[in-house]
Amino acid sequence: MQENVVVLTFAESSKAYQALSELKQAAAQGRVELRNAVVVARDAAGAFSVRDGASDGGAATPALVGTLLGSLVGVLGGPLGVLFGGASGALLGSAVSWDSADMRLSLIDQMLQAVPPGSTAVVATVGELANEVLDGLAGGLQGMVLRRPAGAVLAEVEAVRDAQNAAAREARRVLRDKQKDEWKGKFDNWKDEMGDKWEAFTQRLKSGAKS
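The name given to the chain in an unreviewed UniProt entry is DUF1269 domain-containing protein, with Ottowia pentelensis as the source organism.

Structure representation (structure tokens):
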């Protein structure tokens, strides 16, 4: 069985929700193994938002946290996703043909391109014995299908995480080096500056999160 990440894209948002429902049904019938899935919408400005989700066929959007799909959606909707989308748009708008440009896109970038602004998609991690089930599901709803091996997508997501962590470390180093000499060390103990009120404030936040 092939483990894939699939993107089912639709021009009408209602069809994406219908596709998620039919995907759950196909999983219940044993025609496909559904790990988790999410409906994402992309607005005219290119921003992503999560609309609905499922895990093992049941409604459980929070279960995406810590999964490959959750990490992927975070990348697509985050600053790096916006950067990739903008770079791809500039590339594809140049004299380079679609075929040759597509060959140079990362898997994550291909998924961004597969959900153009104004569309809605189901993004899912699935186990497939054959492509016909999801191809037929999307085709019946006038949608498009992009599938990529889950292992390859995971490798890219982990690379993005490493790059983001490295960039954050470098940014902190540069900011620290840029501080004026008279400022260095002066504001390091910012929690002490805020006093006991800070501790009380964080405790209220924790209490609110548990309620």
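Next comes the rest of the account.
A side chain of one charge can pair with a side chain of the opposite charge if their charged atoms are brought near each other. Enumeration according to the criterion identifies five salt bridges in this entry. In this structure, Arg147 engages Asp135 in a salt bridge whose closest nitrogen and oxygen atoms are separated by 3.0 Å. A residue pair is termed long-range when its members are at least 10 positions apart, and Arg147 in strand β5 (residues 144-149) and Asp135 in helix α6 (residues 132-140) qualify at 12 residues. One continuous salt-bridge network, built from bridges that share partners, spans Glu3, Glu33 and Arg35.

Residue placement: Ser119 occurs in the loop between α5 (107-114) and β4 (120-128). For Ser119, a relative accessible area of 6% gives the class buried. One polar contact links the side chain of Ser119 to the main-chain carbonyl oxygen of Pro116, over a distance of 2.6 Å. Dropping the residues within four chain positions of it, Ser119 is found in contact with Thr9, Phe10, Val40, Ala41 and Arg42.

About the cut-offs
- Residues numbered from 1 in each chain as written.
- Predicted model: local features only at pLDDT ≥ 70, side-chain atom pairs only at ≥ 80, totals over all residues.
- Heavy atoms only, no water.
- Salt bridge = Lys/Arg side-chain N within 4 Å of Asp/Glu carboxyl O.
- Helix = DSSP H or I, 4+ residues; strand = E, 2+ residues; numbered from the N terminus.
- Buried < 20%, exposed > 50% of the residue type's maximum accessible area, 1.4 Å probe, protein only.
- Polar contact = N/O pair within 3.5 Å; in protein donor to acceptor, adjacent residues only side chain to side chain.
- Contact = heavy atoms within 4.5 Å.

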